[in-house]
Amino acid sequence: MINMAHQEDAKERFYRNFRMQQANIQEQITHLPSIAPVAGERQDATEVILTNISRLTNDVRDATHFLPAYDHRVYTDAVNTLRKELDETTAKLAPKSRFQFRPRPPAAVDGDDAPKSDSRRLVNNRDGTKGEKTNGQPPISPPLSPGGGGSRGRSRSPRAIKVEGERDAVITLPADHSRTSSVGQLIDLSSCVVNLCSPTVEASRAAPFASLMLKGVEKSVVVAGHVDGPVHVTGLKRCVVVVTARQVRIHDCEEVDFYLWVRSEPIIEGCKGVRFAPLPEGMETGAEGENKWKEVKDFLWLKEGQSPNWGVLGEGERVKGEVWRGVMGDEGGDVKGVLGRFGIA
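Criteria and cut-off values
As a convention, each chain's residues are numbered from 1 in the sequence order in which they are written. Per-residue local features of the predicted model are confined to residues with pLDDT of at least 70, and side-chain atom pairs are confined, for both listing and counting, to 80 or more; whole-chain, interface and lining totals are unaffected and use all residues. Excluded from the side-chain calculation are hydrogens and water; included are all heavy atoms of the structure. Labels follow the DSSP assignment, with helices taken as runs of H or I lasting at least four residues and strands as runs of E lasting at least two, numbered in each case from the N terminus. Only protein chains enter the calculation, and the probe is 1.4 Å; a residue is then buried if its accessible area is under 20% of its type maximum, exposed if over 50%, and partly exposed in between. In what follows, residue pairs with any heavy atoms lying within 4.5 Å of each other are defined as contacts. Helix span is expected to be 1.5 Å times the residue number reduced by one. For two strands to count as paired, DSSP must find a minimum of two bridges between them. Geometry of aromatic contacts follows a simple scheme: Phe, Tyr and Trp rings, the Trp one being its six-membered ring, pair when their centres are within 6.5 Å, and the pair is stacked under 30 degrees between planes, edge-to-face over 60, tilted otherwise. Put simply, buried Ala, Val, Leu, Ile, Met, Phe, Trp, Tyr and Cys residues joined by side-chain atoms within 4.5 Å make one nonpolar core. Each C-beta atom gives one direction from the helix axis, and the arc is the one those directions make. What makes a salt bridge here is a side-chain nitrogen of Lys or Arg within 4 Å of a carboxyl oxygen of Asp or Glu, nothing more. Here the axes come from fitting lines to C-alpha atoms, over the contacting stretch only for helices, and the angles between their N-to-C directions go from 0 to 180 degrees. Here the word oblique covers every angle except those under 35 degrees (roughly parallel), over 145 (roughly antiparallel) and from 65 to 115 (roughly perpendicular). Less than a right angle of anticlockwise turn of the near helix away from the far helix marks a crossing as left-handed, whereas a clockwise turn marks it as right-handed. Residue classes follow a fixed rule: Ala, Val, Leu, Ile, Met, Phe, Trp, Tyr, Cys and Pro count as nonpolar, while Asp, Glu, Lys and Arg count as charged, and any other residue, Gly among them, counts as polar. Known as pLDDT, the predictor's confidence for each residue is given on a scale from 0 to 100.

Chemist: Can you help me understand the environment of A345 in this one?
Modeler: Of note, A345 is situated in the segment after α6 (335-341). Looking at A345, the relative accessible area reads 76%, which means it is exposed. Distance from A345 to S220, taken between C-alpha atoms, is 9.4 Å for residues 125 residues apart in sequence. With sequence-adjacent residues up to four places away left out, A345 is seen in contact with K219 and R238.

Chemist: Where do I start with helix α3 (residues 69-93) in this structure?
Modeler: Every α-helix winds through 3.6 residues per turn, so residues three or four apart in the chain are directed the same way. Here α3 spans 36 Å end to end across 25 residues, near enough to the 36 Å set by a 1.5 Å rise per residue. The complete set of buried residues in α3 reads D71, V74, Y75, A78, V79, T81, L82, E85, L86, E88, T89 and L93.

Chemist: What is the right way to look at the pairing of strand β4 (residues 183-187) in this model?
Modeler: For a regular strand, side chains alternate in direction, first toward one face of the sheet and then toward the other. By the criterion of burial, β4 is predominantly enclosed, with 5 of the 5 residues buried. Judged by which residues are buried, β4 turns out to be covered on both faces: V183, Q185 and I187 on one side and G184 and L186 on the other are all buried.

Chemist: I would appreciate a short explanation of the side chain of H251 in the present structure.
Modeler: Tracing the backbone through its elements, the reader meets H251 in strand β10 (residues 247-251). Aside from chain neighbours lying at most four places away, what touches H251 is V233, T234, G235, E269 and C271.

Chemist: What should I look at first to understand the pairing of strand β6 (residues 211-215) in this one?
Modeler: Counting buried positions along β6 yields 4 of 5 residues, so the element is predominantly enclosed. When β4 meets β6, the two strands line up parallel, connected through 5 bridges. When the sheet's bridge partners are listed, Q185 is paired in β6 with M213. Summarising the sheet, β6 and strand β8 (residues 230-234) pair through 4 bridges and their orientation is parallel.

Chemist: Help me understand the packing of aromatic side chains in this model?
Modeler: Two measures describe an aromatic ring pair: the distance that separates the ring centres and the angle between the ring planes. Within this structure, the stated rule accounts for 8 aromatic pairs. Their ring planes at 75° and their centres at 6.1 Å tell us that F14 and F66 sit as a pair that is edge-to-face. Of this pair, F14 sits in helix α1 (residues 2-31) while F66 is found in the loop between α2 (41-62) and α3, placing the two residues 52 residues apart along the sequence. Residue class for F14 comes out buried when judged on its relative accessible area of 9%. Residue classification places F66 among the buried positions, given a relative accessible area of 17%. An aromatic cluster is present here, built from F14, F18, F66 and Y75 joined pairwise through their rings.

Chemist: Looking at this model, I keep getting lost on the nonpolar core. Mind explaining?
Modeler: Burial of nonpolar side chains together is a common tendency in soluble globular proteins. With 38 residues, the main nonpolar core has L236, I250, F258, V274 and F276 as its most contacted residues. Going through the elements one at a time, β2 (160-164), β6, β7 (221-226), β8, β9 (237-245), β10, β11 (254-262) and β13 (274-278) are the ones with two or more residues in this core. Contact partners of I250, with chain neighbours within four places excluded, come to V233, F258, I267, I268, E269, C271 and F276. I49, A63, V79 and F299 belong to the second-largest nonpolar core, a separate cluster that totals 23 residues.

Chemist: What is the right way to read α2 from this model?
Modeler: Between its terminal C-alpha atoms α2 stretches 32 Å, which fits the 32 Å expected from 22 residues at 1.5 Å a residue. Listed in full, the buried residues belonging to α2 are R42, A45, T46, I49, N52, I53, L56 and V60. Here the buried residues of α2 occupy an arc of 125° about the axis, which is enough to place them on one side.

Chemist: Honestly, the pattern of salt bridges in this entry has me stumped. Any pointers?
Modeler: Opposite charge on two side chains lets them pair, provided their charged atoms get close. Applying the stated criterion across every chain, the model contains 9 salt bridges. Put simply, K92 and D228 hold a salt bridge, and the shortest N to O gap is 3.4 Å. Residue K92 is found in helix α3, and its partner D228 is found in the loop between β7 and β8; the two are separated by 136 residues along the sequence. A relative accessible area of 36% places K92 in the partly exposed class. Look at D228 and you get partly exposed, because its relative accessible area is 25%.

Chemist: Help me understand the packing of α2 against α3 in this model?
Modeler: Their axes nearest at 10 Å, the elements α2 and α3 cross at an angle of 165°. Taken together, the axes of α2 and α3 are roughly antiparallel relative to one another. Here α2 runs over α3; the crossing is left-handed. On α3, the residues touching R42, T46, I49, L50, I53, L56, T57, V60 and R61 of α2 are H72, Y75, T76, V79, L82, R83, L86, T90 and L93. Broken down by class, the residue content of the contact of α2 with α3 amounts to 10 nonpolar, 5 polar and 3 charged.

Chemist: I keep staring at the confidence of the model for the chain and nothing clicks. Help me out?
Modeler: Fine structural detail should not be taken from predicted coordinates in areas where pLDDT scores are low. Residues of the chain with pLDDT of at least 70 account for 71%, and the chain-wide mean is 77. Low pLDDT (under 50) marks residues 98-102, which in the prediction has 0 contacts with non-local residues, meaning those over four places away or in another chain. Under a pLDDT of 50 for its full length, residues 143-158 has, in the predicted model, 41 contacts with residues more than four places off or in other chains.

Chemist: Looking at this model, I keep getting lost on the sheet that holds strand β3 (residues 170-172). Mind explaining?
Modeler: Each strand in a sheet pairs with its neighbour through backbone hydrogen bonds, running either in the same direction (parallel) or in the opposite one (antiparallel). The sheet built from 7 strands is open, its strands ordered β3-β5-β7-β9-β11-β13-β15 with parallel pairing. Each edge of the open sheet is held by one strand with a lone partner, namely β3 and β15 (310-312). In this sheet, adjacent strand axes meet at a mean angle of 15° when their direction is disregarded. Pairing of β9 with β11, which is carried by 8 bridges, proceeds in the parallel orientation.

This is the structure:
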């Protein structure tokens, strides 16, 4: 009896330690694209991640004597997923092998003299004004700034575009947005309608994100478009998310509906009431291969059988095509009206 209690304690300690190391590695991989490749900084960071994954692999191997076979298989799959995600991220960041001449950048242009396609004009509203949004105004386009700005608002570095701290807003990414923005971040949003679809999906100018992070978003609809690499979702509540990606990892979410095209099995941890469905009709991105949207793995459900933390969104419960068309074409800033059509109040 004492021995069984000791094994249970060992399993609990291992679980807590594994989760902590896994979360740390996950965050390191997520931020890898934002590390400059100069002076070997990105390579050093990659080596650190590889070392941490190797250490976690050894920990799982050493725990064989007290972990049940099913638990051990779950932990092994989790480590393999981290390794695969790192491989995909580093492959996306690898330099092009062929030399190409590039056009000379245009001379600096300030203010209203900038060409209409210049990314510096993306801060402008449709009515020609600049600055902060007002109620009832057209959707916001994330403004771009070299240094990223403060902790609140929307900013972009050469490798990332970030939307943070918005409330009751319609947020769009313009169709002519620069292709240099490869990392997307949506953080601390409430009662928002976000459409990142046009610049990442349209065949004539497709520029998918390399990765996307959604964190701390509530009571919102996010149409994320096409992501070439992983999507990390943390702390969402009462949301609807649409995305095409290679991999989707979901942590600590409640009452979120995911409409997915995903190449590998979606992974959830610490979630309740999350539901899954394939992409809505008319929103396909042309991704090739099998859509594994319903092959969900719950890393915290260590028992045999279906996890109670997720389910399939029935066809009768899925949002209809006309509602999606309204979201994609809604330019009037009627956030409550849009969210109401998704049952989000």
